[in-house]
Amino acid sequence: ISCSTGIGSSLSIGYALDLTRTKTSDLSSEVTMAVILVRNTLSFAIGYGITPWLNMGYQNTFISAAFVGLAITMTFLIVGK
């Protein structure tokens, strides 16, 4: 999950900064702060919420976490359209 969160946040920060540079450069700091805030909130929530999953066993926990991370990362396809 931390890999997909890192990849997703890097993609979203890059996309947001590219948009703000082409349109108006006044919003780049606010957009970056918002993306970082969402990234850190999701990282905490996933780390805090995965503890009860350990009752399923380590293999099932990691498989479930990988698919959750994949789903989070693939949301850029919805935004990109």
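Conventions and cut-offs
Residues numbered from 1 in each chain as written. Predicted model: local features only at pLDDT ≥ 70, side-chain atom pairs only at ≥ 80, totals over all residues. Heavy atoms only, no water. Helix = DSSP H or I, 4+ residues; strand = E, 2+ residues; numbered from the N terminus. Buried < 20%, exposed > 50% of the residue type's maximum accessible area, 1.4 Å probe, protein only. Contact = heavy atoms within 4.5 Å. Areas by Shrake-Rupley, 256 points an atom, 1.4 Å probe, with all protein chains shown as cover. Phe/Tyr/Trp six-rings, centres within 6.5 Å; stacked < 30°, edge-to-face > 60°. Polar contact = N/O pair within 3.5 Å; in protein donor to acceptor, adjacent residues only side chain to side chain. pLDDT = per-residue confidence, 0-100.

S.K.: Sorry, what's going on with the overall build of the protein here?
M.R.: Scanning the protein for helices and strands turns up four helices and zero strands. Taken from the N to the C terminus, the helices and strands of the protein come in the order α-α-α-α. For the protein, the residues scored as buried account for 15% of the 81 residues in total. Look at the contacts in the protein between residues 6 or more apart in sequence, and 45% of them connect residues 24 or more apart. Surface summary for the protein: the accessible area is close to 6,100 Å², and the carbon and sulfur share equals 70%.

S.K.: Looking at this structure, I do not really get the packing of aromatic side chains. What am I missing?
M.R.: Aromatic ring pairs are described here by two measures, namely the spacing of the ring centres and the angle between the planes. All chains considered together, the criterion is met by one aromatic pair. Ring geometry for phenylalanine 44 against tyrosine 48: centres 5.6 Å apart, planes inclined by 20°, an arrangement best described as stacked. You can see phenylalanine 44 and its partner tyrosine 48 sitting in helix H2 (residues 28-49), four residues apart, about one turn around the helix. By relative accessible area, which is 57% here, phenylalanine 44 ends up exposed. Taking relative accessible area as the criterion, tyrosine 48 reaches 63% and is therefore assigned exposed.

S.K.: Teacher, can you tell me more about the side chain of threonine 61 here?
M.R.: Checked against the element boundaries, threonine 61 lands in helix H3 (residues 58-73). With relative accessibility at 2%, the residue threonine 61 sits in the buried group. A polar atom in the side chain of threonine 61 sits 2.8 Å from the backbone oxygen of tryptophan 53. Setting aside residues no more than four positions away along its own chain, threonine 61 makes contact with Ile50, Trp53, Leu54 and Met56.

S.K.: It is not clear to me how the confidence of the model for the protein should be interpreted in this structure. Could you clarify?
M.R.: Interpreting fine coordinate detail is not advised for predicted regions of low pLDDT. Considering every residue of the protein, the mean pLDDT works out to 76; 77% of them sit at 70 or more. When pLDDT is averaged over each element of the protein, H3 comes out on top at 84 and helix H1 (residues 2-22) at the bottom at 70.

S.K.: I tried to follow the environment of serine 64 on my own but got confused; where do I start?
M.R.: Following the sequence through the fold, serine 64 ends up in helix H3. Judged by relative accessible area, serine 64 falls into the partly exposed class, the value being 27%. The spatial distance from the C-alpha of serine 64 to the C-alpha of tryptophan 53 is 8.9 Å, given a sequence separation of 11 residues. Discounting residues that sit within four places of it in the chain, serine 64 has contacts with Trp53 and Met56.

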